[in-house]
Amino acid sequence: MVQPPPAPAPLRRRPRLLIVGCGDVGLRVVRLLVPRWKVLALTSQLGRVGELRAAGALPLVANLDEPASLARLAGLADAVLHLAPPPGQGDTDPRTTALLRALARRRSPRCLVYASTTGVYGDAQGASFDETRPVAPRSDRARRRVDAEARVRWFGRAFGVRVSILRIPGIYASDRPGGHPRERLLRGTPVLRAEDDVYTNHIHADDLARACAAAIARGKPQRVVHASDHTELKMGDYFDLAADLCGLPRPPRIDRNQAREQLAPTLLSFMSESRRLKNGRLLRELRLRLRYPTVREGLGG
């Protein structure tokens, strides 16, 4: 008697990742994780649906500023990558509040990765430090991020969700809109003279996407990680290096008084905070090997 063939093993469901705020970095994460993950991408812009679908994501149209539109997110994903910025005003982040309330309505995700900013530290006067340094925000923009961090950490503790917070410095990449210093160099925007200058920190957009994926896979519960490369350069030296690599004139140097007269307030705010980030957790805990360990490799590629 001929035995029937064995029944096929049940197909294993791909884990689901919800990306909230799927812009340039989010799309890089999509390209990294599809097809191992089913990636859902939240957008408030109907015009981006085709772009997200072409990248391999399933678009979901909703708006963080309209909490009622987020109801369908409850219980939808195994992991959440929250890349959406806070609103442009106030000192709290109601968008993150609305997202977390929606996620809490049903089965919570196993992990949530939140993309914050190194601006939460304020001015460290050039000090080199790790993630144990207390936050000291100096602007409403940074205070909104501190508020969001506190909310996602509470969410993790309250609902048993493994929360990772990536504190991110300046993001750059030649294929990222506005992500290369070439445009600023061509405008001739000045930088501070050496004695007035500040240390800045950087991460290539591809390495940031890989850091997001690593945090989803290996992030420790309720852990902050500096998503920063190894570069230790003052801002003026960074633009000098970029100019040399691009074959462009180096930017003019000015003192702080001249900067207050010539530069926009937002740019001035970045020139008022100096810090050097240690990235040991990124390398040890997330086990990320940077493709662009310094801006020299990233800008020169």
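See the structure above.
Here is a short report on the structure shown in this document.

Thresholds applied
Residues numbered from 1 in each chain as written. Predicted model: local features only at pLDDT ≥ 70, side-chain atom pairs only at ≥ 80, totals over all residues. Heavy atoms only, no water. Pairing = 2+ DSSP bridges. Helix = DSSP H or I, 4+ residues; strand = E, 2+ residues; numbered from the N terminus. Axes fitted to C-alpha atoms, helices over the stretch in contact; angles between N-to-C directions. Contact = heavy atoms within 4.5 Å. Parallel < 35°, antiparallel > 145°, perpendicular 65-115°, else oblique. Left-handed = near helix turned anticlockwise from the far one by under 90°. Nonpolar A, V, L, I, M, F, W, Y, C, P; charged D, E, K, R; others polar. Phe/Tyr/Trp six-rings, centres within 6.5 Å; stacked < 30°, edge-to-face > 60°. Buried < 20%, exposed > 50% of the residue type's maximum accessible area, 1.4 Å probe, protein only. Lys NZ or Arg CZ within 6 Å of the ring centre and 35° of its normal. 1 Å grid on protein atoms, 1.4 Å probe; cavity = no way out; pocket = protein on both sides within 12 Å on 5 of 7 lines; lining within 4 Å. Points joined across faces, edges and corners; volume = space filled by probe spheres on them.

The seven strands are arranged S3-S2-S1-S4-S5-S7-S12 in an open sheet whose pairing can be described as parallel. If you trace the sheet from one side to the other, it starts and ends with strand S3 (58–61) and strand S12 (223–226), each paired once. Each strand axis lies, on average, 20° off the axis of its neighbour in the sheet, ignoring direction. Sheet analysis places strand S2 (residues 38–43) next to S3, joined by four bridges and oriented parallel. Across the sheet, residue Ala 41 finds its bridge partner in S3, namely Pro 59. Each of strand S1 (16–20), S2 and strand S4 (79–82) touches helix H1 (residues 24–33); the most contacted strand, S1, lies at about 165° to it. Relative to the sheet, helix H4 (residues 140–159) contacts strand S5 (111–117), strand S7 (162–168) and S12, its axis offset from that of S5 by approximately 165°.

Any two packed helices are characterised by how steeply their axes cross, that is the angle between the axes, and by the distance between the axes. Two elements in contact, helix H3 (residues 94–103) and H4, have axes whose closest approach is 10 Å; the angle formed by their N-to-C orientations is 10°. Accordingly, the angle class assigned to the pair H3 and H4 is roughly parallel. The element H3 and its partner H4 pack so that their crossing is right-handed. Contacts from Thr 96, Thr 97, Leu 100 and Leu 103 in H3 reach Ala 148, Arg 151, Val 152 and Phe 155 in H4. A per-class count over the contact of H3 with H4 returns five nonpolar, two polar and one charged.

In this structure the tally under the stated criterion is four aromatic pairs. On the numbers, 6.0 Å between centres and 80° between planes, the contact of Trp 154 with Phe 159 is edge-to-face. A relative accessible area of 36% means that Phe 159 is categorised as partly exposed. Through a chain of ring-to-ring contacts, three or more aromatic side chains come together here, namely Trp 154, Phe 155 and Phe 159. Geometry around Phe 129 places Arg 133 over its ring, the cationic atom sitting 4.7 Å from the centre. Here Arg 276 stacks its cationic end above the ring of Tyr 199, 4.9 Å away from the centre of that ring.

With that settled, consider the layout of surface pockets. Here the second largest pocket is characterised by a volume of approximately 180 Å³. Lining the second largest pocket are Leu 32, Leu 33, Arg 36, Trp 37, Arg 210, Ala 213, Ala 214, Ile 216, Ala 217, Arg 218, Arg 287 and Leu 288. Among the secondary structure elements, those contributing two or more residues to the lining of the second largest pocket are H1 and helix H6 (205–218). For the lining of the second largest pocket, the element with the highest residue contribution is H6, accounting for six residues.

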